[in-house]
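Single-letter residue listing:
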Amino acid sequence: MSANAERPPIATTGRQRPSPLLITVLIVAAIIGAFVLFSGFYADILWFDQLGFVQVLQTRWVSIAVMFLIGFVAMAVPLALAVQIAFRSRPVYAQLNSQLDRYQELVEPLRKLVMWAAPVALGFFSGIAAASQWETAQLWLNRRPFGETDPQFGLDVGFYIFELPFYQQIVGFALAVLFISGVATLATAYLYGAIRVTGREVRISRSARIQLAIIIALYMLVLGVSIWLGQYASLAQTSQGFLATGAGFTEVNASIPAAQILAGIAGLVAIFFIVTAIIGRWRIAIVGTGLLIAASLVVGVAYPAIMQRFQVEPTERSLEAQYIQRNIDATRAAWGVDGMVETASDASTDAEPGALRADAETTANIRIMDPALVTDAFANLQEYRQYYGFQDQLDVDRYEIDGQTQDTVIAVRELDLAGLADDNWFNQHIVYTHGYGVVAAYGNQRGPEGQPVFLQSGIPTTGELGEYEPRVYFGEEMPDYSIVGGPEGSDPLELDYPLSSDEGAGNAETTFAGEGGPALDNIFNRLVYALKFQSEQIILSDAVTDDSQILYDRDPLERVAEVAPYLTLDSDTYPAIVDEQLVWIVDGMTTASSYPYSSHRSVAQAIADSTNPTPPIGDVINYVRNSVKAVVNAYDGSVTLYAWDPEDPILQAWNDIYPGTIEPISEMSGELLSHVRYPADMFKLQRSILGDYHVTNPDTFFSGDDQWATPTDPTVGSTQAAAPTQPPYYLTMSVDGQDPAFTLYSTFIPRDGRNVLYGYLSVNADAGGTAGEVADSYGQLTLQMLPKDKSIPGPGQVQNTFDTDDQVSRELNLLRQGASEVISGNLLTLPVGGGLLYVQPVYLQSTGATSYPVLRKILVSFGNDIAFEDTLDEALDALFGGDSGAEAGDSGVDPTNPEEGEGTGEGEEPAPDGSLQTQLSAAIQAAGTALQEREAAYAANDPVAAAEANERMVAAVTEALDLSAQIEGEPAPGETPAPEETPAPEETTAP
């Protein structure tokens, strides 16, 4: 054969092998995907391990894995068995119609895949659903008794908190498994001829009958258990009658017995289906099922509705009384207000001289610095650089200064990278890594020009709070991550703080020396975090060494939420200097929603107010305890959890789940205890409850004629029903004759919209300062019931009086001249002088780019009287007949002479000598100078300076007139005028 002869074609199978390149790409993609997934888990391990809470992560992951496996097996295995049994027991020679034949032809090629893949897929989703309930399972395993029983069944409250939710989850899951298995069995049996429908006749093979009957019997049995558990669940649900939560008359006498009857019928129907499986007759099972449906409609729906409509509603007040009492008692216990002290207050409305003498300590601590308004003053006076910043809402705490407890407004100078012009990676993550120090001001003092009086300030930080570690690597506003640390002896790369001109140009630098984040000591860790933060610089930068650490998740709330996921955290974390360290204190609450007979509240709705208008979505709960105090170190980010309420059964259960993660309260130092306070969010939840449940009489509660509400914040300028509520305020004061203490308070007005005070709620927020011991008075709630026969103005009414008073309006209009803005500060209410004193600072802010609100005036009100003066001390004296009997913290401040006490300087009046004539000349000169300054200020459109100049001019003119009157009656030097003659005074003209 010729070499050029045509070769026969090569036979092919019709399938082309995948390209080696494609296989390689897919393998590489799978490896990369797996590594990315693994890197996320590994980064979590490194973070938790460095923080010392790796057991929390391990417990969580193991619990999720176990629950996933249980859920997967519990769904996949029964479903696979049901399908396999139905298929293997199918009739071999069943005659099928043409339509079923076509269905079988379509299904048969994929039958094996579907029969195994479907259970696996459903098992996977069921496993995810089960894994999401791992906390419920863990709480059941570690359940603790409450030592309190419900009034209906006599079961321990722990049954409803720990056990009932778990049992309901199991029953719900079992019903889903049985339902899906029954549907799959029915479909398989029909597809393969075990069930045939011929006209009106249905034929079922023996094997299909047995399988279906057993599945339905099991379903009915589990359904009966579900109905039985429902009677217990009704104790934490809304009733058909009056009660917001709990079983009322109808539930106790109709719904609960109906549930017991229906559970019994369901169990009986389950037996009928077992009989059907044995004898092959469906009639008895069908009749039983019909009986269950009919009984559900009659006994479960109609009978309770008829009882409610025709028996309960006509005499609801008397029939529901005992159940209302159950609701009141349970709600007050679950929300921790059952130990509240209630007192009646006369609430005098007469402002008499000396009325505040008995409240001198409270008066001296009245806070005139509004933490929501002085942020800009802190920023302008204490930020120093554009890369520092303060929170919008500053915090209120107390410190002991010179042996006296002093309320302070405190803020942390945090890092704010938004102010940097250069946003390169090195600066963002290597150089600018931390904030610096705290700034604190006296809450009850003001400077002569209305600025805060700082007790801790500056860079480097100095003041009354002593020495402490000022560097802030962990705070509320920090970069997403920073890389810190370096080899010993190497040049520092981090900017520490800016140097003053006296210290030389440039910045001080530092190197982080703590253990604050996972180590980047190998290429693998760097690669993990390069993927996490999507930055190749973590691998490539020479600033990242084997001694480097990466700091992230730096918000104190985030850190506590990660290591204690079972806690509901107070939305306001606050800083404190404790044992020469700057720390963040976070309050943690344990909550539940199934406490029997206790009313529910939405956390988000209850804690929303004018300072927190859009809180994060929270749970709906009916039980709360402040169980944990968490402390986060601002330097190294370490987290310490303290068991604040070790008697709380929920905390005890979580302590068993995460053993060794919570420290006993005995480990808290005295200095830390002195800064612990009552959580504001918990107080807001309790005041929400007490709007209804201050009433303990069932008849009064039913009538609803004594329902209270928290007043809206009158300073926000909205009169709409949806206006934000007034927040509670921290103040050091005496309540109801008790010793002065750091206190959190709020007020109540009637819910019908009248703005008159009905109640004054306060709680002792001072835990004391003895190591390991909490003051007995801490957490004591006191509700002062105000007389309803007196019209005691509420915050809104007082604000309206302030705004419409003629004298106040005139002075405010003067301050508003030009483009200045008058800002009303927080309106405080204090129980002093036998009544209620309102105090409101008034701030003024000009239009300058760097302007900030400064305190200009103080408004006070007692009863129907008001006063409006430059200082609180002057205002109180004016209000109480010229002498209040006590001094405020700003006594001695002269706002009309800002330079007073600071030596001779610009704007200071000359010191008078002994000659009245010389003094008169000086007063005239001062008045003329002030007049010129006022005109210049108006020309410059600066009404603040104009108002100050006007005040100086008025004071100088008044002094000149007084001196002139004295000169008229004074003999000339060396001369004694006749009694009937007086020398003519020097002719002067006041400007």
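In what follows, the structure referred to is the one given above.
Draft legend 1. Structural detail: the overall build of the protein chain. A tally of helices and strands in the protein chain yields 27 helices and 34 strands. Considering only residue pairs separated by 6 or more positions, the protein chain has 69% of its internal contacts joining residues 24 or more positions apart. Carbon and sulfur atoms make up 54% of the accessible area of the protein chain, which amounts to about 45,700 Å² in all.

Draft legend 2. Seen up close, the packing of helix 2 (residues 54–88) against helix 5 (residues 134–141). Remark: helix 2 packs on helix 5, axes separated minimally by 9 Å, with the N-to-C direction vectors making an angle of 100°. In terms of orientation, helix 2 and helix 5 fall into the roughly perpendicular class. Where helix 2 approaches helix 5, its residues Thr59, Arg60, Ser63, Ile64 and Met67 are matched on the opposing element by Trp134, Ala137 and Gln138. Along the lines of polarity and charge, the residues of the contact of helix 2 with helix 5 split into 4 nonpolar, 3 polar and 1 charged.

Draft legend 3. Quick peek at unusual backbone geometry. Pro460 follows Ile459 through a cis peptide bond whose omega is -5°. Backbone geometry places Asp553, a non-glycine residue, at a positive phi of 50°. Mapped onto the elements of the fold, Asp553 is located in the loop between strand 16 (549–552) and helix 17 (556–563). Notably, Tyr597 is not glycine yet its phi reads approximately 70°, a positive angle.

Draft legend 4. Layout of empty space enclosed by the protein. According to the stated counting rule, one finds 3 cavities of 30 Å³ or more in the structure shown. Empty space within the largest cavity amounts to approximately 70 Å³. Forming the walls of the largest cavity are Met733, Val735, Gln738, Asp739, Ala741, Thr743, Ser762, Val763, Asn764, Gln780 and Thr782. Within the residue set of the lining of the largest cavity, elements represented by two or more residues are strand 27 (741–750) and strand 28 (759–764).

Draft legend 5. Molecular detail of the nonpolar core. In this structure, Ile483, Tyr529, Ile538, Val563, Tyr566, Tyr595 and Leu641 are the most contacted members of the largest nonpolar core, which totals 142 residues. In this structure Leu641 touches Phe53, Val560, Val563, Ala564, Tyr566, Val628, Lys629, Ala630, Thr661, Ile662 and Glu663, once residues within four positions along its chain are discounted. Among the nonpolar cores identified, the runner-up in size contains 58 residues, and Met369, Leu786, Leu827 and Tyr838 belong to it.

Draft legend 6. Main features of helix 25 (residues 872–879). Extensive coverage of helix 25 is indicated by the burial of 6 of its 8 residues. Buried within helix 25 are the following residues: Leu872, Asp873, Ala875, Leu876, Asp877 and Leu879. As for helix 25, its buried residues are in contact with helix 12 (360–364), strand 32 (835–845), strand 33 (854–862) and strand 34 (865–869). Remark: Gly881 follows helix 25 within two positions and exhibits a positive phi of approximately 65°.

Draft legend 7. Focus on a negative patch on the surface. Judged by side-chain charge, Asp376, Asp392, Asp416 and Glu477 come together as a negatively charged surface patch. Along the polypeptide, Glu477 turns up in the loop between strand 12 (471–472) and strand 13 (481–484). Looking at Glu477, the relative accessible area reads 46%, which means it is partly exposed.

Draft legend 8. Seen up close, the sheet that holds strand 6 (residues 404–412). An order of 5-6-9-10-11 is seen for the 5 strands of this open sheet, with the pairing classed as antiparallel. The outermost strands of the open sheet, each flanked by one partner alone, are strand 5 (395–401) and strand 11 (462–463). Bridge count between strand 6 and strand 9 (residues 438–442): 5 bridges; the pairing is antiparallel. Paired with Val412 across the two strands is Val438, which belongs to strand 9.

Draft legend 9. Main features of the environment of Gln211. Relative to the helices and strands, Gln211 resides in helix 7 (residues 206–233). In this structure, the C-alpha to C-alpha distance between Gln211 and Thr185, residues 26 residues apart in sequence, is 7.9 Å. Leaving out residues up to four positions away in the same chain, Gln211 has contacts with Ala82, Ile85, Ala86 and Thr185. Engagement of the side chain of Gln211 in a polar contact is seen with the backbone oxygen of Ala82, the distance being 2.8 Å.

Draft legend 10. Structural view of the pairing of strand 26 (residues 729–733). Counting buried positions along strand 26 yields 5 of 5 residues, so the element is predominantly enclosed. In strand 26, alternate side chains face the same way, and those of Tyr729, Leu731 and Met733 on one face and Tyr730 and Thr732 on the other are all buried. In the sheet, strand 26 pairs with strand 27 via 5 bridges, with the strands oriented antiparallel. Note that in strand 27 the partner of Met733 across the bridge is Ala741.

Draft legend 11. Looking closely at the side chain of Gln428. Inspection of the secondary structure puts Gln428 in helix 14 (residues 425–431). Gln428 gets classed as buried once you look at its relative accessible area, which sits at 15%. Other than its neighbours up to four places away in sequence, Gln428 contacts Leu417, Asp422 and Asp423.

Draft legend 12. Spatial organisation of the packing of aromatic side chains. Per the counting criterion, the structure on display carries 50 aromatic pairs. Seen in terms of ring centroids, Tyr693 and Phe701 are 4.9 Å apart; in terms of plane orientation they differ by 40°. Their pairing is tilted. The same class applies to Tyr693 and to Phe701, which are both buried. One aromatic cluster is present, formed by Trp140, Phe153, Phe159, Tyr160, Phe166, Tyr167 and Tyr232 through successive ring pairs. The ring of Phe310 has Arg309 lying over it, and the distance from NZ or CZ to the ring centre is 5.6 Å. Here the basic side chain of Lys532 rests over the ring of Phe533, its NZ or CZ set 5.8 Å away from the ring centre.

Draft legend 13. Molecular detail of the pattern of salt bridges. By the definition in use, this model includes 21 salt bridges. Across the pair Asp883 and Arg357 runs a salt bridge, and its minimum N-O distance is 3.9 Å. Note that Asp883 is positioned in the loop between helix 25 and helix 26 (916–939) and Arg357 in the loop between strand 3 (341–344) and helix 12, a separation of 526 residues in sequence. Residue class for Asp883 comes out partly exposed when judged on its relative accessible area of 39%.

Draft legend 14. Just the pairing of strand 31 (residues 828–832), in detail. Of all 5 residues in strand 31, 5 are buried, a share of seventy percent or more. The alternating pattern of strand 31 places Leu828, Leu830 and Val832 on one face and Thr829 and Pro831 on the opposite face, and all of these are buried. Of the pairings in the sheet, the one linking strand 31 to strand 32 comprises 5 bridges and is antiparallel in character. Its bridge partner lying in strand 32, Val832 is registered against Gly835. Linking strand 31 to strand 32, which pair antiparallel, is a turn of 2 residues; within it Gly833 sits at a positive phi near 65°.

Draft legend 15. Looking closely at the environment of Ile85. Along the chain, Ile85 turns up in helix 2. Taking C-alpha positions, Ile85 is 8.8 Å from Ser207, a pair spaced 122 residues apart along the chain.

Draft legend 16. Broad picture of the environment of Leu495. The residue Leu495 is located in strand 14 (residues 494–498) in this model. Given the relative accessible area of 7%, Leu495 is considered buried. Linking Leu495 and His434, residues 61 residues apart in sequence, is a C-alpha distance of 8.2 Å. With residues near it in sequence (within four places) discarded, Leu495 still touches Tyr387, Tyr388, Val431, Tyr432, His434, Asn507 and Ala508.

Draft legend 17. The arrangement of the side chain of Thr433 in detail. Positionally, Thr433 belongs in the loop between helix 14 and strand 8 (435–436). Assessed through its relative accessible area of 0%, Thr433 is described here as buried. Residues in contact with Thr433, not counting those within four places in the same chain, are Leu415, Tyr473, Met478, Ser482, Ile483, Val484, Glu494 and Arg554.

What counts, and at which threshold
- Residues numbered from 1 in each chain as written.
- Predicted model: local features only at pLDDT ≥ 70, side-chain atom pairs only at ≥ 80, totals over all residues.
- Heavy atoms only, no water.
- Helix = DSSP H or I, 4+ residues; strand = E, 2+ residues; numbered from the N terminus.
- Contact = heavy atoms within 4.5 Å.
- Areas by Shrake-Rupley, 256 points an atom, 1.4 Å probe, with all protein chains shown as cover.
- Axes fitted to C-alpha atoms, helices over the stretch in contact; angles between N-to-C directions.
- Parallel < 35°, antiparallel > 145°, perpendicular 65-115°, else oblique.
- Nonpolar A, V, L, I, M, F, W, Y, C, P; charged D, E, K, R; others polar.
- 1 Å grid on protein atoms, 1.4 Å probe; cavity = no way out; pocket = protein on both sides within 12 Å on 5 of 7 lines; lining within 4 Å.
- Points joined across faces, edges and corners; volume = space filled by probe spheres on them.
- Core = buried A, V, L, I, M, F, W, Y, C linked by side-chain atoms within 4.5 Å.
- Buried < 20%, exposed > 50% of the residue type's maximum accessible area, 1.4 Å probe, protein only.
- Patch = residues over 30% accessible without salt bridge, like charges linked within 9 Å, V, L, I, M, F, W, Y side chains within 5 Å.
- Salt bridge = Lys/Arg side-chain N within 4 Å of Asp/Glu carboxyl O.
- Lys, Arg positive; Asp, Glu negative; His and termini not counted.
- Charge placed at Lys NZ, Arg CZ, Asp CG, Glu CD.
- Pairing = 2+ DSSP bridges.
- Polar contact = N/O pair within 3.5 Å; in protein donor to acceptor, adjacent residues only side chain to side chain.
- Phe/Tyr/Trp six-rings, centres within 6.5 Å; stacked < 30°, edge-to-face > 60°.
- Lys NZ or Arg CZ within 6 Å of the ring centre and 35° of its normal.

Remember, this is a structural readout, not a statement about activity or role.
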